[in-house]
Amino acid sequence: MDDGSALQPVTDDREDDHAFPADLLSERDRQILAFERQWWKYAGAKEQAIRELFDMSATRYYQLLNILIDRPEALECDPMLVKRLRRVRTQRQRRRAASRLGIRP
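So, a few notes on the structure that sits alongside this text. (Residues numbered from 1 in each chain as written. Predicted model: local features only at pLDDT ≥ 70, side-chain atom pairs only at ≥ 80, totals over all residues. Heavy atoms only, no water.)

### Here we look at a positive patch on the surface
Then, in step 1: Taken together, the side chains of R92, R95, R96 and R100 define a basic patch exposed on the protein surface.
Then, in step 2: With respect to the element layout, R92 can be found in helix α6 (residues 79–101). (Patch = residues over 30% accessible without salt bridge, like charges linked within 9 Å, V, L, I, M, F, W, Y side chains within 5 Å. Areas by Shrake-Rupley, 256 points an atom, 1.4 Å probe, with all protein chains shown as cover. Salt bridge = Lys/Arg side-chain N within 4 Å of Asp/Glu carboxyl O. Lys, Arg positive; Asp, Glu negative; His and termini not counted. Charge placed at Lys NZ, Arg CZ, Asp CG, Glu CD. Helix = DSSP H or I, 4+ residues; strand = E, 2+ residues; numbered from the N terminus.)

Below you can see the structure in the form of structure tokens.
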């Protein structure tokens, strides 16, 4: 069941400002970080868990996660996890860019 959130613009700042207040991490923010510490053995299991635990599409979850890992409060809360997630994100961005340019990574 698609809630349509995948069709929402990525830069909906008003909703993201409400989702992530500037001063501290909410309980949901901490739950997202804790959820990201887990390892998933089967394909699709993580997306299913996202729908069940957070009541949102995987696309929206990853949009919020990317905003969250850029916040200094998240880095203070779990520096190793946030640095790993940032590193993985950067590696994926580089691979996609290299692929578009026809360069072997």
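### Let's talk about the environment of S57
Then, in step 1: Structurally, the position occupied by S57 is in the loop between α3 (45–54) and α4 (58–69).
Then, in step 2: Sequence spacing of S57 and E47 is 10 residues, and the spatial spacing of their C-alpha atoms is 7.8 Å.
Then, in step 3: Among the polar contacts made by the side chain of S57, one reaches the main-chain amide nitrogen of R60 at a distance of 3.1 Å. (Polar contact = N/O pair within 3.5 Å; in protein donor to acceptor, adjacent residues only side chain to side chain.)

### A word on helix α2 (residues 27–36)
Then, in step 1: Residues of α2 that are buried include every one of D29, I32, L33, F35 and E36, and no others. One side of α2 holds all its buried residues, which, seen down the axis, span an arc of 160°. (Buried < 20%, exposed > 50% of the residue type's maximum accessible area, 1.4 Å probe, protein only. Arc of directions from axis to C-beta.)

### Some details on the pattern of salt bridges
Then, in step 1: Evaluated as defined, the whole model comprises five salt bridges.
Then, in step 2: With a closest N to O distance of 2.5 Å, D78 and R37 form a salt bridge. Of this pair, D78 sits in the loop between α5 (72–77) and α6 while R37 sits in the loop between α2 and α3, and the two are 41 residues apart along the sequence.
Then, in step 3: Three or more residues joined by partner-sharing salt bridges are found here, namely D29, R71 and E73.

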